[in-house]
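Coordinates in review
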Amino acid sequence: MPSAVRDAYVLGGNRLPFARSGGAYAGVSEQDMLTAALEGLVARFGLQGAQLGEVAGGAVLKLAGDLNLTRESVLGTPLDARTPAIDMSKACATGLETVTHVSNRIRLGQIEAGVACGVDSASDAPIEVSVRLRRLLHRLSRARTAVQRAQVISGLRPGDLAPLPPRNSEPRTGLSMGDHQAVTNAHWGITREAQDELALASHRNLAAAYGAGLLDDLVTGYRGLGRDENLRPDSSMEKLAKLKPVFGTSNPAIAEPTMTAGNSTPLSDGASSVLVASRQWAEENGHAPLARIVDTRIAAVDYVHGDEGLLMAPAYAVPALLDAHGLGLEDLDLIEIHEAFASTVLTTLAAWESEEFGRERLGRQGAFGSVDRSRLNIAGSSLAAGHPFAATGGRIVATLSKLLHAQAKQKGKVQRGLVSVCAAGGQGSVLLLESDGK
Ligand SMILES: CC(=O)CC(=O)SCCNC(=O)CCNC(=O)[C@H](O)C(C)(C)COP(=O)(O)OP(=O)(O)OC[C@H]1O[C@@H](n2cnc3c(N)ncnc32)[C@H](O)[C@@H]1OP(=O)(O)O
């Protein structure tokens, strides 16, 4: 019986190129996309017939019939069918939480190797029927005779037939995530120019990463797409400046809305997967670990009763994580802050640089610190790649692990990396990685 906590390592990943909603994967199911991402991972790591400890996956927008989405996807791959699977969900932090789940199982000695994965299709988001129609259909299924069925159907009104479109708002406020972030953005006074600059850098960095071959063993082409459909290497500050604001436009408290389609993530489709294992399993199977999963933290903010921004929980989770390891922002060699909106990255950085936020919200002596921008999102992030919600965590963990490994090898010293993901419902998940480059 294993007694001590041991380390878990990222060995690599595989994802599909991400598509824009209504784009290349418009007719493809989440199960098919997840299966394809897993199949690519199996092929890359020679896992045909392997019985893994667990595959943890999830989707944020999931059809009711997909109740066992990850397990069904596993059954469609060449993995041993005795590989167990679990579905998980935590809005945009789903992918990162699946990594944490698998790594914790490994750390506790419950499994030797597993896969963390996630998928989302904004093109096929669930459309519900009205509550009245749903209840009527349930009663209809229980009706035994033609008379009983006629009685149930006679209760149907034309209005009951109207479908309920997917909700894009926080249930407790009625505001979309973009409209929430517009309020946070105005509070921190982030300019349109700063947001557009970050968006442009994301496209340029991702295009450069593809050009340098960084993604050659992280992304497998699918359905005619070889790279992320949203990537716009030809974007420019001039083009971005012409786009009309789309969030915060009907809020009278926001004098100058600044969030556009160019500095917000697009609605997206895609899937990602990450192979996580103990060092012993990696060695026995001939794989060199890319990075060690050091630790994770979670946080939530009270955006309902308090004055916190909906997507600001990572501003709390990151200090907690770094404090636990005696580290500061300056000790991080690479950082990826998920670009839900350019503004989410910039408001988080502004909060960390604020003396007032440091003292009053984080209980410190002063500001938490500054991020060296040359270490931030260096291979692009969600603004360029797209953001199929549950697939984003896996994309970041696999890419950052590979970057850290290469940088550690080149510099001949251990490199540390931070992953920070904000999520709907005022939540955030963050994770610390470390690589020795060996
Ligand atoms: C979920 C969680 O838990 C946490 C989170 O991550 S929060 C984030 C969640 N994600 C969201 O809320 C998604 C937000 N995004 C959206 O709702 C939509 O994508 C949007 C409203 C922002 C835009 O939708 P849209 O209008 O259909 O966008 P789209 O047609 O692609 O672009 C509009 C224009 O901008 C242009 N454009 C977009 N990006 C550009 C760029 N980088 N450079 C130049 N032009 C660009 C397009 O070419 C297009 O121009 P035309 O109209 O001339 O064709």
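Residues numbered from 1 in each chain as written. Predicted model: local features only at pLDDT ≥ 70, side-chain atom pairs only at ≥ 80, totals over all residues. Heavy atoms only, no water.

Thoughts on the overall build of the protein chain
What counts here: The helix count covers DSSP runs of H or I at least four residues long, the strand count covers runs of E at least two residues long, and both are numbered beginning at the N terminus. We compute the radius of gyration from the C-alpha atoms alone; for a globule the expected value is 2.2 Å times N to the 0.38, where N is the number of residues. We call a residue buried when its accessible area falls under 20% of the maximum for its residue type, exposed when it is over 50%, and partly exposed in between, using a 1.4 Å probe and counting protein chains only. By the convention used here, residues are in contact when the closest approach between their heavy atoms is within 4.5 Å. Residue exposure ignores everything except the shown protein chains as possible cover, and the areas themselves are Shrake-Rupley values with a 1.4 Å probe. Charge convention: Lys and Arg are scored as positive, Asp and Glu as negative, and His as well as the terminal groups of each chain are ignored. Where a charge sits is defined by one atom per residue type, namely NZ (Lys), CZ (Arg), CG (Asp) or CD (Glu).
For the protein chain, the helix and strand inventory stands at 14 helices and 12 strands. For 438 residues, the compact-globule estimate of 2.2 N^0.38 gives 22 Å, and the C-alpha radius of gyration of the protein chain, at 22 Å, lies within 12% of that figure. Scored against the burial criterion, the 438 residues of the protein chain give a buried share of 55%. Long-range contacts, defined as pairs at least 24 residues apart, comprise 79% of the intrachain contacts of the protein chain with a sequence gap of at least 6. Here the protein chain displays about 18800 Å² of accessible surface, and carbon together with sulfur accounts for 51% of that area. Looking at charge distribution, the protein chain has the averaged site of its 43 positive side-chain charges lying 5 Å from that of its 47 negative ones.

Remarks on the site of the ligand
Basically, it comes down to this: Definition of nearness: a residue and a molecule or strand are near each other if at least one heavy atom of the residue lies within 4 Å of the molecule or strand. Think of a polar contact as two N or O atoms within 3.5 Å of one another; within protein, one of them needs to be a possible hydrogen donor and the other a possible acceptor, and neighboring residues in sequence only count if both atoms come from side chains. Amino acids outside the nonpolar list (Ala, Val, Leu, Ile, Met, Phe, Trp, Tyr, Cys, Pro) and the charged list (Asp, Glu, Lys, Arg) are all regarded as polar, and Gly is one of them.
Taken together, 24 residues surround the ligand, and among them Arg20, Cys92, Ser235, His387 and Ala424 come closest. Separating a nitrogen atom of the ligand from a side-chain N or O atom of His203 is a distance of 3.4 Å. Between the ligand and Arg232, the relevant distance is 3.1 Å, taken from an oxygen atom to a side-chain nitrogen or oxygen of the residue. Its free accessible area being 1100 Å², the ligand has 69% of it covered by the protein chains. When its residues are assigned to classes, the shell around the ligand shows 15 nonpolar, seven polar and two charged.

Section: the environment of Lys413
As for its position among the elements, Lys413 is in the loop between α14 (392-411) and β11 (415-423). Separated by 264 residues in the primary sequence, Lys413 and Arg149 have C-alpha atoms spaced 73 Å apart. Leave out the neighbours within four places in its chain, and Lys413 touches Ala408 and Ser435.

So, helix α3 (residues 94-107)
To keep things clear, this is the line we draw: For a helix, the expected span equals 1.5 Å multiplied by the number of residues minus one.
Taking 1.5 Å per residue, 14 residues should reach 20 Å; α3 reaches 20 Å between its end C-alpha atoms and fits that length. Summarising burial for α3: 12 of the 14 residues are buried, a large majority. Looking at α3, one finds that the buried residues are Thr94, Gly95, Leu96, Glu97, Thr98, Val99, Thr100, His101, Val102, Ser103, Ile106 and Arg107. Within two residues after α3, Gly109 carries a phi angle of roughly 75°, on the positive side.

Quick word on the packing of aromatic side chains
Applied cut-off: Pairing of aromatic rings covers Phe, Tyr and Trp, the last counted by its six-membered ring, and requires centre-to-centre distances within 6.5 Å; plane angles under 30 degrees mean stacked, over 60 mean edge-to-face, and any other angle means tilted. Counted as over-ring charges are cases with an Arg CZ or a Lys NZ within 6 Å of the ring centre that also lie within 35 degrees of the ring normal.
With the rule as written, the count across this model stands at five aromatic pairs. Between Tyr25 and Tyr222 the ring centres are 5.2 Å apart and the planes differ by 65°, which places this aromatic pair in the edge-to-face class. Linking Tyr25 in the loop between β2 (19-20) and α1 (30-45) with Tyr222 in the loop between α7 (192-211) and α8 (237-241), this pair joins segments that are 197 residues apart in sequence. A single burial state applies to Tyr25 and to Tyr222, both of which are buried. Directly above the ring of Phe18 sits Arg15, whose terminal nitrogen or CZ lies 4.4 Å from the centroid. The residue whose ring lies beneath Arg279 is Tyr9, and the NZ or CZ to ring-centre distance is 4.7 Å.

Some details on the UniProt feature "domain: Thiolase N-terminal" (unreviewed entry) in the protein chain
Threshold: UniProt positions are given in the numbering used here, feature names are shortened, and annotations may be inferred rather than shown by experiment.
Within the UniProt annotation, "domain: Thiolase N-terminal" (unreviewed entry) is assigned to residues 9-279. Within residues 9-279, the helical portion is 35% and the strand portion 15%, while the C-alpha atoms at the span's ends are 7 Å from each other.

Quick notes on the pairing of β11
Counted only if it meets this: Being paired, for any two strands, means DSSP has found at least two bridges between them.
Of all the nine residues making up β11, eight are buried; the element is thus mostly covered by neighbouring parts of the structure. Where β11 meets strand β12 (residues 427-435), nine bridges bridge the pair, whose relative direction is antiparallel. Bridging from a neighbouring strand, Cys422 pairs with Gly428 of β12. Hairpin connection between β11 and β12: a loop of three residues separates the two successive antiparallel strands, and Gly425 in this loop has a positive phi of roughly 75°.

Description of the confidence of the model for the protein chain
Quick reminder of the rule: Summary of the metric used: pLDDT quantifies the predictor's per-residue confidence within the range 0 to 100.
Confidence along the protein chain averages 96 in pLDDT terms, with 99% of residues attaining 70 or more. Per the prediction output, this complex has pTM 0.96; the corresponding ipTM is 0.95.

Thoughts on the domain arrangement of the protein chain
For clarity, the threshold we go by: For each domain, the first and last residues come from an automatic or database assignment.
Segmentation of the protein chain into domains returns domain 1 (130-161) and domain 2 (177-213 + 294-435). On a C-alpha basis, the centres of domain 1 and domain 2 stand 50 Å from each other.

Some thoughts on the nonpolar core
In plain terms, the rule: By convention a nonpolar core is built from buried Ala, Val, Leu, Ile, Met, Phe, Trp, Tyr and Cys residues, the set being connected through side-chain atoms within 4.5 Å.
Grouped together as the largest cluster of nonpolar side chains are 44 residues, with contacts concentrated most on Leu215, Val419 and Leu433. Mapped by element, the contributors of at least two residues to this core are α3, α7, β8 (268-277), β9 (291-300), α13 (382-385), α14, β11 and β12. In this structure, Ala199, Val345, Trp352 and Leu418 belong to the second largest nonpolar core, which totals 37 residues.

What to know about the packing of helix α4 (residues 131-142) against helix α5 (residues 146-154)
Basically, it comes down to this: Only the stretch in contact is used when fitting a helix axis, every axis being a line fitted to C-alpha atoms; angles between N-to-C directions are given from 0 to 180 degrees. Angles below 35 degrees are treated as roughly parallel, those above 145 as roughly antiparallel, those between 65 and 115 as roughly perpendicular, and all remaining angles as oblique.
Direction vectors running N to C along α4 and α5 enclose 175°, while the axes themselves pass 9 Å from each other. Here α4 lies roughly antiparallel to α5, going by the angle between them. Residues Leu136, Arg139 and Leu140 of α4 form the contact with α5, whose own contacting residues are Arg149, Val152 and Ile153. For the contact of α4 with α5, the residue count by class is four nonpolar, no polar and two charged.

Observations concerning the state of the cysteines
Our working definition: Cysteine sulfurs are considered disulfide-paired once they come within 2.5 Å of each other.
For the structure on display, the rule yields zero disulfides. The cysteine Cys117 is free of any disulfide, with Cys92 supplying the nearest cysteine sulfur at 17 Å. Overall, Cys117 belongs to the buried group, its relative accessible area being 1%.

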